[in-house]
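Here are the chains, one letter per residue:
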Protein chains: 2
Amino acid sequence: MDAKELLKQHLAKTVSLSDDEFDYFFSHFQPHAYKKGQVIIGAGDKVDCEYFVLEGCVKTFHLTDDLKMFILQFAMPTWWASDYNALYSGQRATVSVDCITDVELLCLTSADREKLCREIHAVEHFFRWRTNKGFVAAHKRLLSLMSTDAKHRYEELLRQYPQLYNFVPKNQIAAYLGVSRETLSRLYHAR
Amino acid sequence: MDAKELLKQHLAKTVSLSDDEFDYFFSHFQPHAYKKGQVIIGAGDKVDCEYFVLEGCVKTFHLTDDLKMFILQFAMPTWWASDYNALYSGQRATVSVDCITDVELLCLTSADREKLCREIHAVEHFFRWRTNKGFVAAHKRLLSLMSTDAKHRYEELLRQYPQLYNFVPKNQIAAYLGVSRETLSRLYHAR
DNA sequence: CGCTGAATGTGACATAGGTCACCCGATGCG
DNA sequence: CGCATCGGGTGACCTATGTCACATTCAGCG
């Protein structure tokens, strides 16, 4: 499926746009391709885009001062990624985005997003619901982090994204679960 | 300040509505008063409202099967609270809301929220931004939970909400930080 | 081929935090 | 008044997980 069709079907799950409206909407997106390992947003960058993943997988993560990595999200096709704090507040990035595999994505500037939201009510509706879902998902993850142990979270992750295990290095899975690489290794070798 | 003025000023931080529009918007809210300890949303309830806090403090929390409590949010005046997962998905509540103090709030049904969002573009814009902020805050908290220890999170909380310490029982502060009551006690008595 | 550097497994040990048991003091209520 | 209840503090001990050190495997590459 090409980029345009993928985005169109993604929108159609939440709102219905006329073909003209969608064409106009789509015209604001810039396609980009990245290689595995490339950095899309690095710590300290000015952030003015968000990204819609077409192909491959990116991760959004934070590096602490002592260089420990914590992963907020793995973004697969039809997922969105950016440092939303930086994007909305204008501050410099504290959350980075890079490529776990070769990646194709569409880039939308924040200015264009706001323009489209102003011009097309249905677009604003779409972005409201997208963020709603993210908000609910983040709260679920907060509860999961607080209330269950690493093993449980690990099984949860496997259930939700079995594919991840094929291509995401284990140290990154660990950084998503909030445990050390060693602990993760012990978990799924049934200690 | 009365309810209407408080909500009006809250909206005005994000969007500008005409007086007529705001009056119409406001007419969909139901005022309610609750006593300290009262339950607004209980586990298993059908959820069709969200709440705008005018006075007092509510908490949103989850109880695990073995009755451990984990607090997602303390909502003070001008904050919103509900079980957003249940509200958006139509499922039964897994997140409860109850009153830490006597509380006054405004209640908005999900049906009315969606109606208002359809009818007034600026209202949809407002709710998009409200959720944006919540989404970013949730991600910050995720990182804080994953990357820092209980003492650090405790100090963070104190900095952000010094008032909380005056009236929220310590076991609930602990349930917010994701540690046991005993550990919290040891933390701020410098162990 | 053999070298190098990821990614991964695993043992030994350290430690944050949980759990349990018990205490105290304030508050409310029959 | 006397008792129960609740919030809170603290000691003893337990456990999950982090940390460090080292071994192994495998892919890419000169």
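Quantities reported herein were computed from a predicted structural model and do not represent experimental measurements.

> What should I look at first to understand the protein's contact with DNA strand C in this one?
Close to DNA strand C lie 18 residues, the nearest being K170(A), R186(A), Y188(A), H189(A) and T183(B). The share of sugar and phosphate among atoms of DNA strand C within 4 Å of the protein is 42%. Take N171(A): an N or O atom from its main chain is 3.5 Å from a phosphate oxygen of DNA strand C. Within the residue set of the surface near DNA strand C, elements represented by two or more residues are helix 8 (170-177) and helix 9 (181-188) of chain A together with helix 9 (181-188) of chain B. A total of five residues in the surface near DNA strand C trace back to one element, the largest contributor, which is helix 9 of chain A. A breakdown of the residues in the surface near DNA strand C according to their chemical character gives four nonpolar, six polar and eight charged.

> What's the story with the protein's contact with DNA strand D in this structure? I'm lost.
The full set close to DNA strand D counts 19 residues, and S180(A), T183(A), K170(B), R186(B) and Y188(B) are the nearest of them. Backbone atoms, meaning sugar and phosphate, make up 42% of the atoms of DNA strand D lying within 4 Å of the protein. Between DNA strand D and the protein, one listed contact pairs a phosphate oxygen with a side-chain N or O atom of K68(A) at 3.1 Å. T183(A) places a polar side-chain atom, nitrogen or oxygen, 2.5 Å from a phosphate oxygen of DNA strand D.

> Is there a simple way to think about the domain arrangement of chain A in this case?
Size of an interface, as often reported, equals the accessible area lost when the parts are brought together. All names here are of chain A. According to the domain assignment, chain A consists of domain 1 (3-143) and domain 2 (148-191). Taken residue by residue, the interface counts 14 residues in domain 1 and ten residues in domain 2. Between domain 1 and domain 2 lies a buried interface of about 1000 Å² when both sides are counted; carbon and sulfur atoms form 71% of it. Taken as a group, F74, M76 and R141 account for 44% of the area that domain 1 buries against domain 2, more than any other trio of residues on that side. Connecting domain 1 to domain 2 are zero salt bridges. Where domain 1 packs against domain 2, one counts three residue pairs in polar contact (both at pLDDT 80 or more). For the side of domain 1 that touches domain 2, the element with the highest residue contribution is strand 5 (residues 69-75), accounting for six residues. Of the residues assigned to the side of domain 1 that touches domain 2, the class counts are ten nonpolar, two polar and two charged.

Rules behind the numbers
- Every chain's residues receive numbers from 1 upward, in the order its sequence appears when written.
- In the order they appear in the text, chains get letters beginning with A and ligands get numbers beginning with 1.
- Local features are withheld for residues below a pLDDT of 70 in this predicted model, meaning they are given only at 70 or higher, and side-chain atom pairs are given and counted only at 80 or more; totals for whole chains, interfaces and linings count all residues.
- Working from all heavy atoms in the structure, the side-chain values ignore hydrogens and water.
- Only a single heavy atom is needed: when it lies within 4 Å of a molecule or strand, its residue is near that molecule or strand.
- For this analysis, a polar contact is any N or O atom pair within 3.5 Å, provided that within protein one partner can donate a hydrogen and the other can accept it, and provided that sequence-adjacent residues contribute only side-chain to side-chain pairs.
- Every helix listed is a DSSP run of H or I at least four residues long, and every strand listed is a run of E at least two residues long, numbered separately from the N terminus.
- Here the term charged refers only to Asp, Glu, Lys and Arg, the term nonpolar to Ala, Val, Leu, Ile, Met, Phe, Trp, Tyr, Cys and Pro, and the term polar to all other amino acids, Gly among them.
- Domain extents, as shown, originate in an automatic or database domain assignment.
- Here, residues are in contact when the closest pair of their heavy atoms is within 4.5 Å.
- Accessible area that two parts lose when put together, with a 1.4 Å probe and added across both, is what the buried area reports.
- In what follows, salt bridge is the name for a side-chain nitrogen of Lys or Arg lying within 4 Å of a carboxyl oxygen of Asp or Glu.

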